[in-house]
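Understanding the architecture of this molecule
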Amino acid sequence: MKKAILSLALIMPAASYAATPDDTTFVYKDKKIVVNVEDDATQVSVYDNKGNKLAKSSETTFVDGNEIQKVYVGSPFMEHEKLQDNFTKHNFPSVWVGYSATHKGVAKTKTNHTHNKASFEIGFSAVPFCWALDKAHTMGIATTLQFAYIRTNFAANYSLSMEGDRVAMTDQGEKAKHSYMDYFESRLPVMFTLYPESKKKPLGVSLGLALVYRDNANYTFSRRSSAPDIDSSIKLKHFGLNVIGNISYGPVVLSANLGITPTYKSIEGWNAYNSSVNIGVNLWELLRKK
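Note that the coordinates shown come from a computational prediction; the quantities given were computed from them, not determined experimentally.

Turning next to the pattern of salt bridges. Tallied over the entire structure, the rule returns five salt bridges. As a salt-bridge pair, E285 and K89 come within 3.6 Å of each other at their nearest N and O atoms. In this pair, E285 sits in helix α2 (residues 283–288) while K89 sits in the loop between β8 (87–88) and β9 (95–103), placing the two residues 196 residues apart along the sequence. With its nearest N and O atoms 3.0 Å apart, the salt bridge here joins R187 to E121. Within this pair, whereas R187 is found in strand β14 (residues 178–194), its partner E121 is found in strand β10 (residues 120–132), the two being separated by 66 residues in sequence. No difference in accessibility class separates R187 from E121, as the two residues are buried. One connected set of salt bridges, linked through shared partners, spans E121, E185, R187 and R214.

Written out as structure tokens, the structure is:
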């Protein structure tokens, strides 16, 4: 008798939470479990203590002689609000090409025997993503892996060589067909991204820092005369830091990289800093619109 009275006492308040008069609700920990029977089918729903229905990863409906399973995308019994997409769009260029320059100092225009007008950079981004910081998806933290090929041209009469761990520039007394060095650079940018109106708007702005790793450079001085060409390896600073910024409108991205650590050091004591201005295409954004 005592067990029957206790069971009745537990069922009576639980039934008050039922979604319809025919439903039965049980409270387990902080979750309300509602059992609904319609004809020969039995369904179970789960709510939190605020009345929010929780999403299901799977559900089994029992009917006479059969078991029907429905599979859902998402974690089991999580709030719909928590299942919202935490990622928003980024504005990294998938591929880009642009103007590259080497200067004596950060953000300075003075050069030393470089031919910046003919220097360039091409590159691509891999596995980009952006973590949204708000529900409206107007801002986020974005990162990616970037790989760039950089070619720096020099005045036609100057060649490069290494003296110890520093770069020496020598006047060869003749103009070469080509005087340049090229190298590969990897970047890991972490950027604050802002879409001023909403995630559906085409304008995006981002700013951040990029950790840089670069290989040593290959240098070539290709003579016009019969004298042998000069080919050498130029030792670069392997690790560096760049300030990086992107402005995008739809899939079109304008980007800038400003080196704040030196690429190499000359025997004269000055440091060379590399920077670039590029135009690219965000293929993720381009394909998303189709």
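The next subject is the nonpolar core. Counting residues in each nonpolar core, the largest one holds 19 residues, and the members touching the most others are L160, M181, I234 and Y264. Of all elements in the fold, only β11 (139–153), β12 (158–163), β13 (166–171), β14 and β16 (217–222) reach the threshold of two or more residues within this core. In terms of nonpolar packing, the next biggest core, distinct from the first, is built from six residues, C130, A142, A210 and I244 among them.

With that settled, consider the packing of aromatic side chains. The tally for this structure, following the rule as stated, stands at six aromatic pairs. Seen in terms of ring centroids, F154 and Y219 are 6.3 Å apart; in terms of plane orientation they differ by 70 degrees. Their pairing is edge-to-face. On the criterion of sequence distance, the pair formed by F154 in the loop between β11 and β12 and Y219 in strand β16 is long-range, its members being 65 residues apart. With respect to class, F154 is no different from Y219; both count as buried. By the ring-pair criterion, three or more aromatic residues cluster together here, those being F120, Y149 and F184. Sitting over the face of the ring of Y180, R151 holds its NZ or CZ atom 3.7 Å from the ring centroid.

Right, let's talk about unusual backbone geometry for a bit. Not every positive phi belongs to a glycine, and V127 is a case in point at roughly 40 degrees. By the element assignment, V127 lies in strand β10. One non-glycine residue with positive phi stands out, namely H137, at about 60 degrees. Of the residues examined, H137 reaches a relative accessible area of 4% and is grouped as buried.

Next up on the list: the environment of A101. As for its placement among the helices and strands, A101 is situated in strand β9. Taking relative accessible area as the criterion, A101 reaches 2% and is therefore assigned buried. With 174 residues separating them in the primary sequence, A101 and S275 have C-alpha atoms 5.4 Å apart. In this view, A101 contacts N116, Y273, N274 and S275; residues no more than four positions away in its chain are not counted.

What counts, and where the lines are drawn
Residues numbered from 1 in each chain as written. Predicted model: local features only at pLDDT ≥ 70, side-chain atom pairs only at ≥ 80, totals over all residues. Heavy atoms only, no water. Salt bridge = Lys/Arg side-chain N within 4 Å of Asp/Glu carboxyl O. Helix = DSSP H or I, 4+ residues; strand = E, 2+ residues; numbered from the N terminus. Buried < 20%, exposed > 50% of the residue type's maximum accessible area, 1.4 Å probe, protein only. Core = buried A, V, L, I, M, F, W, Y, C linked by side-chain atoms within 4.5 Å. Phe/Tyr/Trp six-rings, centres within 6.5 Å; stacked < 30°, edge-to-face > 60°. Lys NZ or Arg CZ within 6 Å of the ring centre and 35° of its normal. Contact = heavy atoms within 4.5 Å.

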